[in-house]
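Structural description and commentary
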Amino acid sequence: MLVTINHTANLDLEHIVAVARDNARVELAPETRDMLTLRRTQIERRIHEDDLPAYGFNRGFGHNVDLSVKPELLSELQENLIKSHAVGVGEAADKATVRAAMLLRANSLARGFSGVRPELVEHLISLLNAGVTPVVPQLGSVGASGDLAPLSHIALVLIGLGRAEFQGKVMDGATALQQAGMEPIRLEMKEGLALNNGVQFMTSIGLLACHALKDLLRTAAINSALVAQVMLAPDTYYRPDFHAVRPHPGAQRVADWIWRLMQNSPIREAHRDVKTDGQLQDPYNIRCAAQVLGSCHDLISQAEAALIIEANSATDNPILLPDANNECIDVVSGGHFHGMPVAVQVYNLYQALSIMTTLAHQRSARFVDPFRNKGLGRDLKWPGMNADDASISSGMMMLEYTSASLVNDIWGHATPSHLFNIPTNSGQEDHVSMGTTLAVRLAMALPKAAHVLAIELAYILQAVAIRKSLNTIPTEAELPEWVTHELDQLKQRMNGEGRGMVFSASVVREHPVSDSDKLLSPVSEHLFADLTRRKVFPTVTRDRCMADQITALAALVETGEIPSLANATVPLSW
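Model, not experiment: these values are computed from the prediction. (Residues numbered from 1 in each chain as written. Predicted model: local features only at pLDDT ≥ 70, side-chain atom pairs only at ≥ 80, totals over all residues. Heavy atoms only, no water.)

1. Points about unusual backbone geometry
In this structure, the amide linkage connecting N317 to the following residue, P318, adopts the cis form with an omega of 0°. Phi angles above zero are rare outside glycine, and D379 is one such case at about 60°. The residue D379 is located in the loop between α16 (340-367) and α17 (387-391) in this model. Owing to a relative accessible area of 8%, D379 belongs among the buried residues under this scheme. The backbone phi angle of L380 is positive, close to 55°, even though this residue is not glycine. Inspection of the secondary structure puts L380 in the loop between α16 and α17. (Helix = DSSP H or I, 4+ residues; strand = E, 2+ residues; numbered from the N terminus. Buried < 20%, exposed > 50% of the residue type's maximum accessible area, 1.4 Å probe, protein only.)

In structure tokens:
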């Protein structure tokens, strides 16, 4: 894919992911280059001819705005800004996040309201196309006057400083440029400020998280359809006409996914008669799955829409707007660099992630409970075990603990940082978004969420295998009156002996099913067969180490492989 930056068109999520993750090439549209050249000429003439005092051009930064800067020092002013603001700390951001931030910053500057030369945009594009990725510490931004620290670390490499990764090796920025056949750029007035005065770092994390969460939500819906079948629940909870009377878009979409995933399910048909199953209502983790996961769909959709607006906006300060003669020389100071519009959406994404993992954990907990798992046994131990082996087996007990630990960790990092303001810059910047630290925690939570969904999927695979090995399903069918009478009589006779014990008796009620009755829906059977063939998580017939297999299953979840397997049969369009 070739991604074109054009001031008359917008980047979408697929463009951004293609550049960030798949190293798609980027180009600047010729008409956009011409526009940037024209507008740069206009503002330079305005500044020099009218001796206009303009923030970012010939004045200091932040609370130094009152300090005038000599013309011969303007370039050094911009470089000093970048060098002094590159004070990030912590682990380096992943390559995809940095590449996305570079693309978004280039796209923002190419809108034509920042007053920069086209060469600055082209240098960012050249870094992307050459595969030079600046090393950017994750922490240090308050997400208000832009992601100053992270974006400054990107800008350092443009001017031949800092550190960068190139061809798999980390080196100083000057060496990376040299090996890539590039020269450092000399910044001119406004250009340092234009490079770091935006929240593209947190926006990049948010957009990449949107893309990942879409697949995680589809996986959660697939898990829901599988859980409903193996736990002998009906598909009526997801009927289209049922959700039409409460038409939240997300709930309708997720219900449609689960409904279609469950169609033509023989095991569902085997207990469709309520007299066979006897279960009138299932727990909320199944019955309300569409409503719960539908809320996640709404949150992710809202976040994507807002973040795409941000990705295609001019966000630095000041902004240059057209005057009466349609020349972009009206210098307007404002706050488009403020991260709150992004921070609230990042928190929405964290909410969605937390909600779907909480639901997954509740279902995992049910699988190991013999009183609630519809005859699947204690800890999903294999039914073929003899009594001695069963007595020394833990089965799949411990995976629930791991799931609980991960969900608790996700909750623990869910602090709404954007609500806790700490003023900076001597009170000049007295309200900041703190959205970037929240975004970093969101990125850290994504693999944990994938593991929670993978653990639930492991329970599902084991439960399906057990269900297929059994010849009956539990039933709540009513007992004949004579059976109840005889049991009562037997209890009375036995308990009348008075020998220090109480006799109790019950009847285990099971409904016989054939092998064909135990089949899941076609798409579910395809998924089960594919994962079984790959031996990603083999059936647990005796205790074994499962850590590596859960990690492998989580990798499939994180990369969107599970929805891809389902999409071939049942497309799960967003």
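2. Considerations on the packing of aromatic side chains
Evaluation of the coordinates by the stated rule reveals 3 aromatic pairs. When the ring of Y237 is compared with that of Y238, the centres are 6.0 Å apart and the planes differ by 90°; the resulting orientation is edge-to-face. As far as the burial class goes, Y237 and Y238 line up, both buried. Note on W257 and W574: the rings are 5.8 Å apart at their centroids and 55° apart in plane angle, and the pair reads as tilted. One end of the pair, W257, is in helix α11 (residues 249-262); the other, W574, is in the segment after α23 (561-567), and 317 residues separate them in sequence. Taking relative accessible area as the criterion, W257 reaches 0% and is therefore assigned buried. Across the ring face of F113, the terminal group of R39 is positioned such that the distance to the ring centre comes to 5.2 Å. One cation-aromatic arrangement involves R544 over F537; the distance from NZ or CZ to the ring centre is 5.1 Å. (Phe/Tyr/Trp six-rings, centres within 6.5 Å; stacked < 30°, edge-to-face > 60°. Lys NZ or Arg CZ within 6 Å of the ring centre and 35° of its normal.)

3. Points about the sheet that holds strand β6 (residues 163-166)
Taken in spatial order, the 3 strands make up an open sheet running β4-β6-β7, and their pairing is antiparallel. The open sheet is flanked by β4 (133-134) and β7 (169-172), the only strands paired with a single partner. Two elements, β6 and β7, share 4 bridges in a ladder whose sense is antiparallel. What sits directly across from F166, in β7, is K169. (Pairing = 2+ DSSP bridges.)

4. Structural notes on the packing of helix α4 (residues 95-109) against helix α9 (residues 200-230)
Between α4 and α9, whose axes approach to 8 Å, the crossing angle comes to 120°. If you check the angle between α4 and α9, you find them oblique. Remark: the crossing between α4 and α9 carries right-handed chirality. Along its contact with α4, which presents A96, T97, A100, A101, L104, R105 and S108, the element α9 presents Q200, F201, T203, S204, I205, L207 and L208. (Axes fitted to C-alpha atoms, helices over the stretch in contact; angles between N-to-C directions. Parallel < 35°, antiparallel > 145°, perpendicular 65-115°, else oblique. Left-handed = near helix turned anticlockwise from the far one by under 90°. Contact = heavy atoms within 4.5 Å.)

5. A short note on the side chain of S75
Among the secondary structure elements, S75 is positioned in helix α3 (residues 74-85). Classification of S75 as buried rests on a relative accessible area of 13%. In this view, S75 contacts R186 and L187; residues no more than four positions away in its chain are not counted.

6. As for the environment of R441
Mapped onto the fold, R441 is located in helix α19 (residues 435-469). Ignoring anything within four residues of it in the chain, the contact list for R441 reads Y350, H413, A414, T415 and S417. Engagement of the side chain of R441 in a polar contact is seen with the backbone oxygen of H413, the distance being 2.7 Å. (Polar contact = N/O pair within 3.5 Å; in protein donor to acceptor, adjacent residues only side chain to side chain.)

7. Observations concerning the side chain of N373
Mapping N373 onto the fold places it in the loop between α16 and α17. If sequence neighbours within four positions are ignored, N373 has contacts with M231, R366, F367, V368, L380 and R467.

8. Thoughts on the pattern of salt bridges
Where charged atoms from two side chains of opposite charge come close, those side chains can pair. The full count for this structure, using the stated rule, is 26 salt bridges. With its nearest N and O atoms 4.0 Å apart, the salt bridge here joins R105 to D316. Within this pair, whereas R105 is found in helix α4, its partner D316 is found in the loop between α15 (289-311) and β8 (319-322), the two being separated by 211 residues in sequence. Accessibility assignment for this pair places R105 and D316 in one class, buried. A salt bridge links D409 to K448, with the nearest nitrogen and oxygen atoms 2.4 Å apart. Residue D409 is found in helix α18 (residues 397-412), and its partner K448 is found in helix α19; the two are separated by 39 residues along the sequence. (Salt bridge = Lys/Arg side-chain N within 4 Å of Asp/Glu carboxyl O.)

9. A word on the nonpolar core
Ranked by size, the top nonpolar core spans 160 residues in total, and within it Y238, F367 and F537 carry the most contacts. When residues of this core are assigned to their parent elements, the largest contribution, 21 residues, is made by α19. By size, the runner-up hydrophobic cluster in this structure holds 16 residues, among which are A54, F61, L320 and I329. (Core = buried A, V, L, I, M, F, W, Y, C linked by side-chain atoms within 4.5 Å.)

10. Describing α9
With 31 residues, α9 ought to run about 45 Å at 1.5 Å a step, and its terminal C-alpha atoms sit 44 Å apart, in line with that. In terms of residue burial, α9 counts as a mostly covered element, since 30 of its 31 residues are buried. Positioned one or two residues after α9, L232 has a phi angle of 60°, which is positive. (Expected span 1.5 Å × (residues − 1).)

Everything listed here is a matter of geometry and, on its own, says nothing about what the molecule does.
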